[in-house]
Amino acid sequence: MPRRPEIGNVQLYPNRPLKKSDKNGYVLKFYCPIRKKRIRRNCGTRDRREARRILRECRERLLNGQYVDSGGAISVEHNSHTPVGLPSTPEASGKTWADCWDRYRNHLANRVRPRSLDDARYAIQIAERVIEGTRQDRGTSEGVLVTDVMTLDMLEYLQDRLLAGDECRYDIRSPNTVNSMMAAIMAFVRFCHRHGWIIAIPPIEKLDTDDAMKGRPVSGEEFERMLASTPEVVGTLSAPSWQFALKVLWESGFRVGDLMDFTWDDDRHIHPVWPSRKGHHPTIVIPSTQKNGLNQEIPMLPGLRELLEAVLKKDQTGWVVNPLSIQYEIKATSDWFKPSDDDLSTLAQHYSNRSIATACGVSDTAVRKWLRQSGIRRTSEFQRNTGTISRKKITEIRRRSTRLATHVARRGTTRLTKEQVGRTISDIGKDAAVVVQQEGSPTGRRLKYGSAHDLRRGCAQRLINAGVSAETLKVVMRHRSFSTTERFYGATRAAQAAATELIEKVSSTDTSSFVGGLVGGQADDTSLSSEELSKLKALLNSL
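Note that residues are indexed from 1 along each chain, following the sequence as it is written. With pLDDT at 70 or above as the cut-off, local features in this predicted model cover only qualifying residues; side-chain atom pairs require 80 or more to be listed or tallied, and sums for whole chains, interfaces and linings still use all residues. The side-chain figures draw on all heavy atoms in the structure; neither hydrogens nor water molecules are used.

Engineer: Whenever I open this one, the overall build of the chain confuses me. Can you help?
Structural biologist: Runs of H or I in DSSP of at least four residues are treated as helices and runs of E of at least two as strands, each being numbered from the N terminus. Scanning the chain from N- to C-terminus turns up 22 helices and 10 strands. Exposure categories follow from relative accessible area, calculated using a 1.4 Å probe and restricted to protein chains: below 20% of the type maximum is buried, above 50% is exposed, and the middle band is partly exposed. Within the chain, buried positions represent 40% of all 543 residues. Contacts were defined at the residue level, with two residues in contact if any of their heavy atoms lie within 4.5 Å. Counted over contacts in the chain with a minimum sequence separation of 6, partners at least 24 positions apart contribute 62%. Method for areas: the Shrake-Rupley scheme with a 1.4 Å probe, in which residue coverage is limited to the protein chains shown. Split by element, the accessible area of the chain, about 31,300 Å² in all, is 50% carbon and sulfur.

Engineer: Looking at this structure, I do not really get the nonpolar core. What am I missing?
Structural biologist: Side chains that are nonpolar tend, in soluble globular proteins, to be buried together. Among the nonpolar cores identified, the biggest contains 37 residues, and Met 226, Val 248, Ile 284, Ile 425 and Leu 455 are the most heavily contacted of them. Taken together, the elements giving at least two residues each to this core come down to α9 (220–234), α10 (239–252), β5 (283–286), α12 (302–309), α17 (418–431) and α18 (452–465). Apart from the residues lying within four places of it in its own chain, the contact partners of Leu 455 are Val 218, Phe 223, Met 226, Leu 246, Leu 249 and Trp 250. Among buried residues, the Ala, Val, Leu, Ile, Met, Phe, Trp, Tyr and Cys ones that are joined through side-chain atoms within 4.5 Å form a nonpolar core.

Engineer: How do you make sense of the sheet that holds strand β1 (residues 11–13) when you look at a structure like this?
Structural biologist: Consider a sheet: its strands pair through backbone hydrogen bonds, and that pairing is either parallel or antiparallel. In space, the 3 strands of this open sheet follow the order β1-β2-β3, with antiparallel pairing throughout. What marks the edges here is a single partner per strand, and that holds for β1 and β3 (37–42). The average undirected angle you get between the axes of adjacent strands in this sheet is 30°. Strands are treated as partners if at least two bridges between them are detected by DSSP. Of the strand pairs in this sheet, strand β2 (residues 27–32) and β3 are connected by 6 bridges, and their pairing is antiparallel. Residue Val 27 lies in a different strand from β3, and its bridge partner there is Asn 42. Angles here are taken between N-to-C directions and fall from 0 to 180 degrees, while the axes themselves are lines fitted to C-alpha atoms, restricted in helices to the stretch in contact. The strands touched by helix α1 (residues 48–64) within the sheet are β1 and β2, with β2 carrying the most contacts at an inclination of about 10°.

Engineer: Please explain the pattern of salt bridges as it appears in this structure.
Structural biologist: A side chain of one charge can pair with a side chain of the opposite charge when the charged atoms of the two come close. For this analysis, a salt bridge means a side-chain nitrogen from Lys or Arg found within 4 Å of a carboxyl oxygen belonging to Asp or Glu. Applying the stated rule across the entire model yields 17 salt bridges. Residue Arg 115 pairs with Asp 119 through a salt bridge whose shortest N-O separation is 3.4 Å. Residue Arg 115 and its partner Asp 119 are located together in helix α5 (residues 114–138), separated by 4 residues, close to a single helical turn. In this structure Arg 115 comes out as partly exposed when scored by relative accessible area, which is 49%.

Engineer: Quick question: what am I supposed to make of a positive patch on the surface here?
Structural biologist: There is a patch of like positive charges on the surface, built from Arg 169, Lys 214, Arg 423 and Arg 446. Here Lys 214 lies in the loop between α8 (175–194) and α9. Patch construction takes residues with relative accessible area above 30% that form no salt bridge. Like charges are linked within 9 Å, and nonpolar side chains (Val, Leu, Ile, Met, Phe, Trp, Tyr) are linked within 5 Å. Counted as positive: Lys and Arg. Counted as negative: Asp and Glu, with His and the chain ends omitted from the count. Working definition for charges: the position is that of NZ of Lys, CZ of Arg, CG of Asp or CD of Glu.

Engineer: Got a minute to help me understand the packing of aromatic side chains in this structure?
Structural biologist: Note on aromatic pairs: each is described by the distance of the centres and the angle between the planes. Each pair of aromatic rings taken from Phe, Tyr and Trp, with Trp reduced to its six-membered ring, is defined by centres within 6.5 Å and is described as stacked if the planes are under 30 degrees apart, edge-to-face if over 60, and tilted in the remaining cases. Counted by the stated rule, this structure contains 9 aromatic pairs. Measuring from ring centre to ring centre gives 5.7 Å for Phe 30 and Tyr 67, while their planes differ by 90°; the resulting arrangement is edge-to-face. With Phe 30 in strand β2 and Tyr 67 in helix α2 (residues 66–69), this residue pair connects regions lying 37 residues apart in the sequence. Tyr 67 matches Phe 30 in its accessibility class, with the two residues each being buried. Residues Trp 101 and Phe 188 carry aromatic rings whose centres are separated by 6.2 Å and whose planes lie at 80° to one another, so their mutual orientation is edge-to-face. Separated by 87 residues along the polypeptide, Trp 101 in helix α4 (residues 97–109) and Phe 188 in helix α8 bring together distant segments of the chain. What makes Trp 101 buried here is its relative accessible area of 5%. Judged by its relative accessible area of 0%, Phe 188 is buried. Within the aromatic cluster, the residues linked to one another by ring pairs are Trp 97, Trp 101, Tyr 104, Phe 188, Phe 191 and Trp 197. Stacked on the ring of Trp 319, the Lys or Arg Arg 415 has its end atom at 4.1 Å from the ring centre. Note on criteria: charge over ring means Lys NZ or Arg CZ within 6 Å of the ring centre, with the direction from the centre no more than 35 degrees off the ring normal. For the cation-ring pair, Arg 462 lies above Trp 250, with the distance from its terminal atom to the ring centre recorded as 3.9 Å.

Engineer: Whenever I open this one, the environment of Ile 326 confuses me. Can you help?
Structural biologist: Following the sequence through the fold, Ile 326 ends up in the loop between α12 and β7 (337–338). Linking Ile 326 and Thr 424, residues 98 residues apart in sequence, is a C-alpha distance of 8.7 Å.

Engineer: What exactly am I supposed to notice about helix α13 (residues 341–350) here?
Structural biologist: Given 3.6 residues per turn, any residue in an α-helix points the same way as the ones three and four places further on. Listed as buried for α13 are Asp 343, Leu 344, Leu 347 and Ala 348. Projected onto a plane normal to the axis of α13, the buried residues spread over an arc of 135° and lie on a single side. Relative to its buried face, α13 has exposed residues pointing more than 90 degrees away, namely Asp 342, Gln 349 and His 350. Buried-residue contacts for α13 involve α14 (353–360), α15 (364–373) and α16 (391–399). Picture the helix axis, draw a direction to every C-beta atom, and the arc is the one those directions span.

Engineer: When you look at the packing of α14 against α15 in this model, what are you seeing that I'm missing?
Structural biologist: To characterise two packed helices, one gives the angle between the axes of the helices and the distance between these axes. Taken N-terminus to C-terminus, the directions of α14 and α15 make an angle of 105°; their axes are 8 Å apart at the nearest point. The angle between α14 and α15 falls in the class roughly perpendicular. In this structure, α14 contributes Asn 353, Arg 354, Ile 356, Ala 357 and Cys 360 to the contact, and α15 contributes Asp 364, Val 367, Arg 368, Trp 370 and Leu 371. Lys, Arg, Asp and Glu make up the charged group, whereas Ala, Val, Leu, Ile, Met, Phe, Trp, Tyr, Cys and Pro make up the nonpolar group; the residues left over, Gly among them, are polar. When the residues that make up the contact of α14 with α15 are grouped by side-chain class, the tally is 6 nonpolar, 1 polar and 3 charged. By definition in this entry, angles of less than 35 degrees are roughly parallel, angles greater than 145 are roughly antiparallel, angles of 65 to 115 are roughly perpendicular, and the rest are oblique.

Engineer: What is the right way to look at the state of the cysteines in this model?
Structural biologist: Here a disulfide denotes one covalent bond, and it connects the sulfur atoms of two cysteines. The disulfide criterion used throughout: a pair of cysteine sulfur atoms within 2.5 Å. Evaluation of the coordinates by the stated rule reveals 0 disulfides. With no disulfide partner, Cys 43 has as its closest neighbouring cysteine sulfur the one in Cys 58, 8.2 Å distant. By relative accessible area, Cys 43 is classed as buried at 3%.

Engineer: For this particular structure, what's the right way to read the sheet that holds strand β4 (residues 271–273)?
Structural biologist: Read across the sheet, 3 strands follow the order β4-β5-β6 without closing on themselves; strand pairing throughout is antiparallel. The strands lining the two open edges of the sheet, one partner per strand, are β4 and β6 (296–299). Across this sheet, the average inter-strand angle for adjacent strands is 35°, counted without regard to direction. Pairing geometry for β5 and β6, over 4 bridges, is antiparallel. Following the sheet pairing, Ile 284 is matched in β6 by Ile 298.

Engineer: Help me out: how do you make sense of α1 in this one?
Structural biologist: The span one expects for a helix is its residue count, reduced by one, times 1.5 Å. Taking 1.5 Å of rise per residue, the 17 residues of α1 would be expected to cover 24 Å, and the 25 Å separating its terminal C-alpha atoms lies within 8% of that figure. Listed as buried for α1 are Ala 51, Ile 54, Leu 55, Glu 57, Cys 58, Arg 61 and Leu 62. In this structure, the buried side of α1 is in contact with β1, β2 and α2.

Engineer: Can you walk me through unusual backbone geometry in this structure?
Structural biologist: Leaving glycine out, the prevailing phi sign among residues is negative, and the prevailing peptide bond configuration is trans. Cis geometry marks the peptide bond from Tyr 13 to Pro 14; its omega dihedral reads -10°. Counting through the fold element by element, Pro 14 comes out in the loop between β1 and β2. The phi dihedral of Ala 433 falls on the positive side, at around 60°, and the residue is not glycine. Within the secondary structure, Ala 433 sits in the loop between α17 and β9 (435–437). On the basis of relative accessible area, Ala 433 is assigned to the partly exposed category, the value being 46%.

The following block contains the structure:
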């Protein structure tokens, strides 16, 4: 166990006369009750006798509480000075949220994977927009200081707003999503605390969640419906490439990120390895860029092997899956428009993205894309409206707009991102009416349609039904921890095994005798032994 901190245990370093090489003078080391850890404080003198006097005074102030009351002053003379690394007031610290975020982003850039950096950036920027909206509502001055917002009250308010769906394309967020976002934000808070920009880390609690899947395995009949709905969603010309992508997901158990990283012959990405010896089987090599961060080689499932071998040799190069851009045409009846750059810049100074999107008949995402393409930067962005744009102004801006609802979309030539592919597959699941999660549950989950990850779950379910062991399933699904496999699929395996044993036991005896013996009827005592009956009752209780 760690040693219990001793308040008042102050040590002087160095405990000897100073040398010319001791440039920092005398230093006190002690446990700080404010920062909850041992710290170093300079005495501000090279006189050993004076340093010892400061040591005695510091010990006395720690014991009588004056140290905490003064904000961390080790002596009376230090009362007028701000402690090193311990801001006593926001003005003294001078650290704004933007300054700290810049430092934290640079800190993460060389220490975490790009995906982790993107997740941190997403959560922290949303938190900044929510906090900025609160600041503007209160009418306080610009520049949010971390000492003002990294408090328990403010972080709990932020948690509530995230759960309510602020800065989200859905009405609410699930508790699991909020916990993930708050984890990224609290990592930022701990970084600020380590640098002394805030005094303490607020002890915020996680939201209660359940361990149930956010979806369910897609059945074979539902998968066929998704294949049939694909042309309606992506167009007839793009449909074959998307149907092939769905089949690869169905037969491989890939995540959507793995799907878009699957190549025929590039060792830097996920790629197949074909056997060169008789009796060997094809495998798939997964680099450490995957979610679990491990280099792995896993067996290729038979269905995926058949799918890949059906591809012509001349086409077995580059990306295995490359879904084409969606073929679509914006309907003339849709009432949307894109303002000119001058009008967009003026609107951005007075209205939020939500207000602009409502007036133009588009989504918030489209407005953010317009601002980025036009090089327009705004000082703040938040969810709640800052006013409704008048009909007269909308009519004037529409007259000067650069794109109208009759604009015909052209197919893009750039490769789609995994986020775009994931959203499109979810649209296919919605069009096929594959509902994997009902809304209105106590956890606040929303209605969810079949997605790429539900196809992955369907692959795992088929392996379970085929009798594959949990250890093999962990290898194929590439879970970092066996507990993940056990949590999501162990219950299904246990129920199937129990049901099999029940059928074997019960079918070997007369059904009426079994029921009568179980409920206390006049059954033959030789139908089941006491040991078998106890085991059977235990199995029934476990279901």
